[in-house]
Amino acid sequence: MLDNGAPPHPAPGPERGRPALGARLMWRKPVDALIAESGHGQGGSLRRSLGMWQLTMISIGATLGTGIFVVLGEAVPKAGPAVTLSFVLAGLTALFSALSYAELAGTIPVAGSSYSYAYATMGELVAWICGWCLILEYGVSVAAVAVGWGQYLNELLDGTVGVTIPGALSSPPGDGGVFNFPALLLVLLAMTFLLGGARESARVNTVMVTVKIAALLLFCAVALQGVEAGNYTPFMPLGVAGVSAAAGSLFFSYIGFDAASTAGEEARNPRRDLPRAIMFSLFVVTVLYVLVAAVAVGARPWRDFADSEAALAGVLRDVTGSHVWAVLLAAGAVVAIASVVLTVLYGQTRILFAMSRDGLMPRIFSKIHPRTGAPRANTVIVSLFCGVLAAAVPLGQLADATSIGTLFAFALVNVSVVVLRRTRPQMRRGFRVPLSPVVPAVGFGLCLYLMAGLAEITWVVFGIWLTAGLMVYFGYGARRPRPATAQPPPAEK
């Protein structure tokens, strides 16, 4: 039975009246209500078709890509050879948050990820802010990832057929181009797969993840031949500040490990499989990142990484003197980045699905297609938005803006774990964060630390984004009637 006596399947359900604004901002959605309405949307239900292997591949697919293939070229000039420490610092920050994600995903296995966790623990306003940051994390990162795809596509085309897409059509304004056509094309291709349903998309993603792991291992094997000890000295030319600044940007590389949590309503055994998928995927990704970064900076002087978006392909070309290996890596990168776009776009649509079901977004985002069991209209709208954004905005600005939105959302997840432990201590949990509340507190602090190291312009963009989000909430979301499952605190006993 639900905490407030709501029926087993409350969505869309009866709606409440309009209480005072202050009470509405503090509404919390009971955990039991979140679980009871799992999978239900407008006109249909999501299908439970994903096992642990597919969930793990979703997280790896969403994480392993542009961060190492593209953003590495922007991070090395900030930290020098110590970029390996930057990866470790960013990975450590991700680990503390991943532990919190694992507990909440195994406790509240729903599509909304940290948005839903915040709604259950801290109230509607905080949940909205978290969801708005997730839109920045997922939606904007799709665009950021797609921007880098064109660079490796040109490497591949140049090495195979001897032609490239003109810069005016392969780079966004501000990066020497007019319109990034490859980025738009990639997002539209990902949209096509997602429209077929979660299971079909997961199969395609598994093949892509296998290819990109093989490509990175191939890079390490070949580039290791060119490693020189002198390239590691001085190891930290820009000091600790450089390591921190690079880590803040490289946290973008870890965005996506939480993607499995957005599949909570399509997993066959979410309480068991979601925590395992999140932790295992983060381990695999971190090991690969540190290994590839260490080999890359050993094989090429760190100053030569400046303004290099296809950095790994350039390293192989320098080491071997041949274009063959660079072409093979470029082919792997084309597949790798496509996998990131596919899985992150999937996560974005599921978060909007949950927000729409709660009445905070238009109902069209929670409408389910009866044949595929996928939110088709949601997928098309999000894909078109991300595709246009990718075609018109430079990568660097997108990556940093995505990082700060993600760090803010992760900080709230760490708080949510502590709150839920206090309000529902006896609730069944598929995984428990060790040494709570110390570990969540450390995760919260690390998120704030990396946020503090980001550039001033990134904070300005983030402030504008939050202001726009609050305007949308008070202009639309706060005015909408709530399902009967929403209630003012204290809700949980």
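Definitions and cut-offs
- Residues numbered from 1 in each chain as written.
- Predicted model: local features only at pLDDT ≥ 70, side-chain atom pairs only at ≥ 80, totals over all residues.
- Heavy atoms only, no water.
- Helix = DSSP H or I, 4+ residues; strand = E, 2+ residues; numbered from the N terminus.
- Buried < 20%, exposed > 50% of the residue type's maximum accessible area, 1.4 Å probe, protein only.
- Contact = heavy atoms within 4.5 Å.
- Patch = residues over 30% accessible without salt bridge, like charges linked within 9 Å, V, L, I, M, F, W, Y side chains within 5 Å.
- Areas by Shrake-Rupley, 256 points an atom, 1.4 Å probe, with all protein chains shown as cover.
- Salt bridge = Lys/Arg side-chain N within 4 Å of Asp/Glu carboxyl O.
- pLDDT = per-residue confidence, 0-100.
- Axes fitted to C-alpha atoms, helices over the stretch in contact; angles between N-to-C directions.
- Parallel < 35°, antiparallel > 145°, perpendicular 65-115°, else oblique.
- Nonpolar A, V, L, I, M, F, W, Y, C, P; charged D, E, K, R; others polar.

1. Notes on the overall build of the protein
For the protein, the count of helices and strands is 19 helices and two strands. Every one of the 493 residues in the protein was classed for burial, and the buried ones make up 61%. In the protein, once contacts between residues fewer than 6 apart in sequence are set aside, the share between residues at least 24 apart is 84%.

2. Some remarks on unusual backbone geometry
Cis geometry marks the peptide bond from Thr-233 to Pro-234, where omega comes out at -10°. Within the secondary structure, Pro-234 sits in the loop between α11 (198-223) and α12 (239-250). Cis geometry is found at the peptide bond from Ser-436 to Pro-437, where omega equals 10°. Unlike most non-glycine residues, Ser-113 shows phi in positive territory, near 55°. Structurally, the position occupied by Ser-113 is in the loop between α6 (83-107) and α7 (114-121). A positive phi angle, close to 55°, is found at Leu-435, a residue other than glycine. The topology assignment puts Leu-435 in the loop between α17 (395-423) and α18 (438-452).

3. Structural notes on a nonpolar patch on the surface
A cluster of nonpolar side chains, Leu-169, Val-178, Phe-179, Phe-181, Leu-185 and Leu-189, forms an exposed patch at the surface whose accessible area comes to about 530 Å². Ranked by the residues each element gives to the nonpolar patch, the list is headed by helix α10 (residues 181-194), at three residues. Counting through the fold element by element, Leu-185 comes out in helix α10.

4. Here's the deal with the confidence of the model for the protein
For the protein, the mean per-residue pLDDT works out to 81, and 88% of the residues sit at or above 70. Considering each helix and strand of the protein separately, the mean pLDDT is smallest for helix α1 (residues 21-25), with a value of 66, and largest for helix α13 (residues 270-299), with 90. pLDDT under 50 marks residues 1-17. Its contacts with residues more than four places away, or in other chains, come to 44 contacts. Confidence drops under pLDDT 50 across residues 485-493; counting only partners more than four residues distant or on other chains, this segment forms 37 contacts.

5. Quick notes on the packing of α7 against helix α8 (residues 124-160)
Two numbers describe how α7 lies on α8: the axes approach to 7 Å, and their chain directions differ by 170°. With respect to each other, α7 and α8 are oriented roughly antiparallel. Here Ser-114, Tyr-115, Ala-118 and Tyr-119 of α7 come into contact with α8, specifically with Glu-124, Val-126, Ala-127, Cys-130, Gly-131 and Leu-134. Along the lines of polarity and charge, the residues of the contact of α7 with α8 split into seven nonpolar, two polar and one charged.

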